[in-house]
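Coordinate analysis (summary)
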Amino acid sequence: MERAARAFWLRSPGHGEIRDVALPEPGDDEVLVRTLCSGVSRGTETLVFRGGVPESQHRVMRAPFQDGEFPGPVKYGYLNVGLVEAGPRHLLGRTVFCLYPHQTRYVVPASAVTPVPDAVPAGRAVLAGTVETAVNALWDAAPLIGDRIAVVGAGMVGAGVAAVLAKYPAVRVQLVDAEPARAGIAKALGVDFALPEDAAGDCDLVVHASATEAGLARSLELLAPEGTVLELSWYGDRRISLPLGEAFHSRRLVVRSSQVGTVSPVRGGRRTYADRLAVALDLLADPAFDALITGECAFDELPQVLPKLASGELPALCHRVLYETAADPA
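Residues numbered from 1 in each chain as written. Predicted model: local features only at pLDDT ≥ 70, side-chain atom pairs only at ≥ 80, totals over all residues. Heavy atoms only, no water.

On to the packing of aromatic side chains, then. Within this structure, the stated rule accounts for five aromatic pairs. Ring centres of Phe65 and Tyr100 lie 5.4 Å apart, and the angle between their planes is 35 degrees; on these two criteria the pair is classed as tilted. Note that Phe65 is positioned in the loop between α1 (42-49) and β4 (67-68) and Tyr100 in the loop between β7 (95-98) and β8 (105-109), a separation of 35 residues in sequence. Geometrically, the ring pair formed by Phe70 and Tyr76 is tilted, given 5.6 Å between the ring centres and 55 degrees between the ring planes. For the pair Phe70 and Tyr76, one class covers both residues: buried. Taken together, Phe65, Tyr100 and Tyr106 form an aromatic cluster joined through their ring pairs. (Phe/Tyr/Trp six-rings, centres within 6.5 Å; stacked < 30°, edge-to-face > 60°. Helix = DSSP H or I, 4+ residues; strand = E, 2+ residues; numbered from the N terminus. Buried < 20%, exposed > 50% of the residue type's maximum accessible area, 1.4 Å probe, protein only.)

Structural data, given as structure tokens:
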């Protein structure tokens, strides 16, 4: 029997739509998942929505279950939480996380889903991909007890990093953002907040996640001698300049990239992608992470909501999408 579902597609840059899709019958090693909620990662997904993925990065930027090609038509997304309706007995009826786009039901290999711990609500589990990025970044950065750390950019990824760092012993953590309203998010996460001009300097580590040229320059200014900026921003098709004159060399500063597509080489010999995701899901038992979810809408509203997220008309960190009323086609 052919199963039906509905999916959000980017028809062309700036224009989305809901499409009917046919699902295959799940095989012995596959699961059928009914989506409970998904998350819009405002930074990456709005860049995709506006058609800002450079051609040179089309392959690197592919989501695990993406359909279509950049700049469109393309079905894109990677924060999905659902209920297993058919599949192996040990997964049947379980709430699972999957790197799947916005779609009411889907069939994937059983190995592609990760059970959500009982202590983590489904609505919070949509953050697993973001917290996984934070875990990988901190594996790359390897902060030490007592480090002085700034996170520049209180968006979804930056706030996720700050939330994880809040659990580190004896570190000074300050979340830095140009938007004063983000102070409330820092307070909810249990870290200090500062505007860029007021941020504390002499940092051993600065994690940069503002995706702005000014933010990266300020990150370098906040470093102590021999300090490191860990760059998490994705600039897409934008070129930025970096101030590598002045005291950059004499102070022996470091700029290092971190990208979630590869497990940090610091842990790479001993940890897998599944290990990293499991760590992220365990961390999400902490209700402080709810501060990263700043809005929600129904699945049917996505074609109207994503343009507002992309333009900034609708401010958001993670925007949660609910599926309870999203009926599949007959």
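Read on for the rest.
This next bit is on the sheet that holds strand β11 (residues 172-176). Pairing between sheet strands relies on hydrogen bonds along the backbone, with the strands arranged either parallel or antiparallel. Here we have six strands laid out as an open sheet, ordered β12-β11-β10-β13-β14-β15, and parallel in their pairing. Of all the strands in the sheet, the pair left with one neighbour each is β12 (192-194) and β15 (254-257). Sheet twist, expressed as the mean angle between neighbouring strand axes with direction ignored, is 25 degrees. As paired strands, strand β10 (residues 148-152) and strand β13 (residues 203-208) are joined by four bridges and run parallel to one another. When the sheet's bridge partners are listed, Val152 is paired in β13 with His208. Contacts from helix α3 (residues 128-141) reach β13, β14 (223-231) and β15 within the one sheet, and its direction differs from that of β14 by about 145 degrees. Its contacts with the sheet place helix α6 (residues 213-221) against β10, β13, β14 and β15, and it is angled at close to 150 degrees to β14. (Pairing = 2+ DSSP bridges. Axes fitted to C-alpha atoms, helices over the stretch in contact; angles between N-to-C directions. Contact = heavy atoms within 4.5 Å.)

Summed over all chains, the structure comprises 18 salt bridges. Taking the shortest distance from any N to any O, the salt bridge between Arg19 and Glu17 comes out at 2.7 Å. Exposure remark for Arg19: the relative accessible area of 26% places this residue in the partly exposed category. Between Arg105 and Glu85 there is a salt bridge, with the nearest N and O atoms lying 2.8 Å from each other. Pair noted here: Arg105 is in strand β8 and Glu85 is in strand β6 (residues 80-86), with a separation of 20 residues, a long-range link. When its relative accessible area of 32% is taken as the criterion, Glu85 is described as partly exposed. Residues participating in the shared-partner salt-bridge network are Arg11, Glu17 and Arg19. (Salt bridge = Lys/Arg side-chain N within 4 Å of Asp/Glu carboxyl O.)

Of all seven residues in β6, five are buried, a share of seventy percent or more. Pairing of strand β3 (residues 30-41) with β6 involves six bridges; the strand directions are antiparallel. Within β6, the residue paired with Thr35 across the bridge is Gly82. Taken together, the four bridges between β6 and β7 define a ladder with antiparallel strand orientation. The residue of β7 that forms the bridge with Asn80 is Cys98.

Another aspect to go through is unusual backbone geometry. The phi angle of most residues is negative, glycine excepted, and most peptide bonds adopt the trans form. In the segment running from Phe70 into Pro71, the intervening peptide bond is cis, with an omega of 0 degrees. Tracing the sequence through the fold places Pro71 in the loop between β4 and β5 (74-75). Here the amide bond leading from Gly72 into Pro73 is cis, since omega sits at 0 degrees, within 30 degrees of zero. Note on placement: Pro73 falls in the loop between β4 and β5. Phi at Asp202 takes a positive value of approximately 60 degrees, unusual for a residue other than glycine. Among the secondary structure elements, Asp202 is positioned in the loop between β12 and β13. A relative accessible area of 41% means that Asp202 is categorised as partly exposed. The phi angle at Glu226 is positive, at roughly 65 degrees, despite the residue not being glycine. When you line up the elements, Glu226 lands in strand β14.

None of the figures reported here should be taken as evidence of function without further support.
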